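# Examining the three-dimensional arrangement
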Amino acid sequence: MADRRRVNGPPGGTRPPVFASLQESTTGAAQRAQRQRQPAELRKIFLKTGLIPTASGSSYLEFEPSASLAAARSNPKSLIPPSSALKVACTVHGPKPLPRSAAFSPNLVLTTHVKYAPFAARKRRGHIRDASERDLGVHLETALRGAIIAERWPKSGLDITLTIIEAEDDRWWGDAPDSHDASWGMMNVLAGCITAASAAIADAHIDCLDLVSGGVAALVSDDSSKSASSVPRLMLDVDPAEHRSILSACVVAYMPARDEITEIWLKGDSSKAALEKGDVRSSHEALIDGAVDAARGANTVLSEAVTESIARSIAQA
Amino acid sequence: MPDKLITEPVSKLPDFFGEQNRCLCNKELYHFFNPFSLYCNMASLPQIAIPGQRLGPLSKYSAGPGTHVQDSFIHASIAGPVVTDAAQPKIQPKPTLRVSRVISAQDLQPQNAGASDGAKFKPRYNTLPAVESNVLARVTRVQKRQATVSILVVLDESEHLTSSQTASDNDNVASILTSAANPENHSGTDELRFQALIRKEDVRAVEKDRVVMDEMFRVGDIVRGSVISLGDQSFYYITTARNDLGVVMARSEAGNMMFPISWKEMRDPVTGTGEPRKVARPF
């Protein structure tokens, strides 16, 4: 569907040109970002609620920029940032009456909108939600529906809107497209959206079974040679720009107090991975367990943020 | 740049609830809860709960609003201060645990209730109308058989239970009505409010067949009503068939605020003309 109501930018984006010589130069201008964290170490998360006063609940979430991005910002060598870090704003409106045309519902009717800002990714996004954004919305709705106690809010609707201000890359920008390409960045975005939405819902005082948080784990292979010895390794909270190829990734929405998963999204080939010796799990299970661990980590930040928001409203009272 | 970045490496996750309790004690807000501690004398209860947090066993407490039960334990389902309502003999043998939804100054600082900070503090009412809850609503349409109203606020049940002085209720109403009378507050927001109907037979308890809707409500009146049914897809049903229910605030045709002079009449203080209304008994 073409957007006829606005004057849109060029559909291909407006990136500065990158010459092949730059990639081969030794100035380090076009170097792949390297993961500085341990395989099980998460990026830091900034999460705060209640930033949007007109909404009944809101939150803002930001991932820590990777070390190479931070270095590139302080000492720019190229116009092109080496990687990007997630920034999400979430608003919750409601509970509010259903529109007149809607049918009777004894439960809370949840609607989720995920929208990338036009400038969020390296490729420009349109103003109308495209298929991947709608897909994210559906995933998010599944994740939240399992956590919200919907029968406490009959005849009402809840609108959850997430704006992606900065998205994660699907791969390093300098890489040529290859067979392992998929929208890996979307999975990080979903995990961030789940955590942010959960904080905003708690800020709006909607009844929930638990705080649900999102986590990502992936099987990555950093070896450039295609030899048989390059077995993929399990890493938590991967930044796709930091890895040569991602074979498989998994997002879960997880409720730690109940040890329940409300949403799981697994992509790619998870058949072969190098686990630790004595680990009897299949790599598939290990991937899901890794994602759950990442979600547990995000939950510590989430519960702190919710406690802070309550403490703030008590201080105002 | 964010002013603070929080992280935990996955390898050493903190004890979830232990962390909560520790961080509470570290913060300065501890003193806020001292007046409150008489409710929370059970040492095991946290003072602030976050969704999913385990509060207490079902054998000791019964679950109130803002909580849910899982594996015979009461868990919080919203974030807020934990309140224990004392057991009532015969009706409720166990003390009720609830998580307060509206953090009111009155709930937390009883000695400062009614202080000047009431103006700056604006509680967010997002409680839904339920059967038997009292609501304040503005009349949007008067028809022969029914009046359409849009619900401005659902009066909090717990406020009625905990407030010892009846005056606070009156203050509450006044603050709500002044905000509702603010024209920029309700321009086109009726779509965002819950709609309700007052049917002709629900207006008053006596002489139901003599009711003339035009003499009961006018468009713009503020009505206190009690919800009798969740109704259909679009409307709740409200009754005013009690002495304390009915019009609480109305303007005359001249546009002046009127005062009640009887159960069925209000008078304009400027022009002196009376207008018929189903008047709520003033407190």
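Residues numbered from 1 in each chain as written. Chains lettered and ligands numbered in written order. Predicted model: local features only at pLDDT ≥ 70, side-chain atom pairs only at ≥ 80, totals over all residues.

Take the overall build of chain B next. Across its full length, chain B carries four helices and 16 strands. Within chain B, the fraction of its 283 residues that count as buried is 28%. Pairs at least 24 residues apart make up 53% of the contacts formed inside chain B by residues separated by at least 6 positions. (Helix = DSSP H or I, 4+ residues; strand = E, 2+ residues; numbered from the N terminus. Buried ≥ 20, exposed ≤ 12 C-beta atoms within 10 Å, placed from the backbone. Contact = placed C-beta atoms within 7 Å.)

It is worth spelling out the environment of Cys250 of chain A at this point. Residues and elements named next belong to chain A. Along the chain, Cys250 turns up in strand S8 (residues 245-255). With 27 C-beta atoms packed within 10 Å, Cys250 lands in the buried category. A C-alpha to C-alpha distance of 16 Å links Cys250 and Leu275, two positions 25 residues apart in sequence. Those residues in contact with Cys250, other than ones at most four positions away along the chain, are Ala217, Ile264, Trp265, Leu266, Leu287, Ile288 and Ala291.

All names here are of chain A. It is at 10 Å that the axes of helix H3 (residues 131-145) and helix H4 (residues 184-203) come closest, and there the two elements cross at 45°. With respect to their mutual orientation, H3 and H4 come out oblique. As for how H3 packs across H4, the hand of that crossing is right-handed. In this structure, H3 uses Ser132, Leu136, His139, Leu140, Ala143 and Leu144 to contact H4, whose residues at the interface are Met186, Val189, Leu190, Cys193, Ile194, Ala197 and Ile201. (Axes fitted to C-alpha atoms, helices over the stretch in contact; angles between N-to-C directions. Parallel < 35°, antiparallel > 145°, perpendicular 65-115°, else oblique. Left-handed = near helix turned anticlockwise from the far one by under 90°.)

Turning next to the UniProt feature "domain: Exosome complex component N-terminal" (unreviewed entry) in chain B. Summarizing the sequence annotation, UniProt attributes the feature "domain: Exosome complex component N-terminal" (unreviewed entry) to residues 48-84 of chain B in the numbering used throughout. Annotation note: span residues 48-84 of chain B, helix share 0%, strand share 57%, distance between end C-alpha atoms 12 Å. (UniProt positions renumbered as here; feature names shortened; annotations may be inferred.)

Two faces make up the sheet, and in a regular strand the side chains alternate between them. Residue and element names in this part refer to chain B. Strand direction decides the pairing type here: strand S14 (residues 259-262) and strand S15 (residues 265-267), joined by three bridges, are antiparallel. Residue pairing in the sheet places Ser262 in a bridge with Glu265 of S15. In sequence, S14 turns back onto S15 through a hairpin of two residues. (Pairing = 2+ DSSP bridges.)

This part covers the packing of H4 of chain A against helix H5 (residues 283-316) of chain A. Residue and element names in this part refer to chain A. Two elements in contact, H4 and H5, have axes whose closest approach is 10 Å; the angle formed by their N-to-C orientations is 25°. Relative to H5, the element H4 lies roughly parallel. Crossing hand, H4 versus H5: right-handed. For the pair H4 and H5, the contacting residues are Thr195, Ser198, Ala199, Ala202 and Asp203 in the first and Ala298, Leu302, Ala305, Val306 and Ser309 in the second. A per-class count over the contact of H4 with H5 returns six nonpolar, three polar and one charged. (Nonpolar A, V, L, I, M, F, W, Y, C, P; charged D, E, K, R; others polar.)

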